[in-house]
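Residue-level structure breakdown
For reference, the chains in residue letters:
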Amino acid sequence: MLLRFRNVARVGPVQVGTGYDQRGREKHTAACTAPRCGFSAEYDTRSAAELAATTHRCSAY
């Protein structure tokens, strides 16, 4: 399945994007782009995803 994100923003090493899940519901994802970090999470609201991005402490740094 090809995921297409829109409204992508970067907060430090974390990218936040908005897209749709398999059922057509809008979801917001926060994912760390640092090598060997592995942090990613899906949220129902954009503000929750942005909060997770700002409070994420990357263990890869």
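Structural data are supplied above this passage.
About the criteria used
- Residues numbered from 1 in each chain as written.
- Predicted model: local features only at pLDDT ≥ 70, side-chain atom pairs only at ≥ 80, totals over all residues.
- Heavy atoms only, no water.
- Helix = DSSP H or I, 4+ residues; strand = E, 2+ residues; numbered from the N terminus.
- Rg over C-alpha atoms; globule rule 2.2 N^0.38 Å.
- Buried < 20%, exposed > 50% of the residue type's maximum accessible area, 1.4 Å probe, protein only.
- Contact = heavy atoms within 4.5 Å.
- Salt bridge = Lys/Arg side-chain N within 4 Å of Asp/Glu carboxyl O.
- Pairing = 2+ DSSP bridges.
- Axes fitted to C-alpha atoms, helices over the stretch in contact; angles between N-to-C directions.

**Looking at the overall build of the chain**
Helix and strand counts for the chain stand at 1 helix and 4 strands. For a compact globule of 61 residues, the expected C-alpha radius of gyration is about 10 Å, and the chain comes in at 11 Å, within 12% of that figure. Counting only C-alpha atoms and orienting by the principal axes, one finds that the chain spans roughly 35 × 25 × 15 Å. Counting across all 61 residues of the chain, residues that qualify as buried make up 33%. For the chain, contacts bridging at least 24 residues in sequence account for 23% of all contacts bridging at least 6.

**A short note on unusual backbone geometry**
Unusually for a residue other than glycine, Asn7 sits at a positive phi of about 55°. Position of Asn7 relative to the elements: it lies in strand β1 (residues 6-11). One non-glycine residue, Arg36, adopts positive backbone phi at about 65°. Looking at the element boundaries, Arg36 is found in the loop between β3 (26-32) and β4 (40-43).

**A few points about the pattern of salt bridges**
Opposite charge on two side chains permits pairing when their charged atoms draw close. Per the stated rule, a full pass over the model turns up 4 salt bridges. Across the salt bridge formed by Arg6 and Glu26, the nearest N and O atoms sit 2.4 Å from each other. Taken as a pair, Arg6 in strand β1 and Glu26 in strand β3 lie far apart in primary sequence, 20 residues in all. For Glu26, a relative accessible area of 38% puts it in the partly exposed group. Here Arg25 ties to Asp21 by a salt bridge, and the two come within 2.9 Å at their closest N and O atoms. Overall, the relative accessible area of 43% leaves Arg25 in the partly exposed class.

**Regarding the sheet that holds β3**
Strand order in the open sheet formed by 4 strands is β1-β2-β3-β4, with antiparallel pairing between adjacent strands. With partners counted over all chains shown, the strands left at the sheet margins are β1 and β4, one partner each. Direction aside, neighbouring strands of the sheet carry axes that sit 20° apart on average. Note that β3 and β4 share 4 bridges and pair antiparallel. Among the inter-strand pairings, Thr29 is bridged to a residue of β4, identified as Glu42. Sheet strands touched by helix α1 (residues 46-55): β1, β2 (14-20), β3 and β4. Its angle to β2, the strand with the most contacts, is close to 160°.

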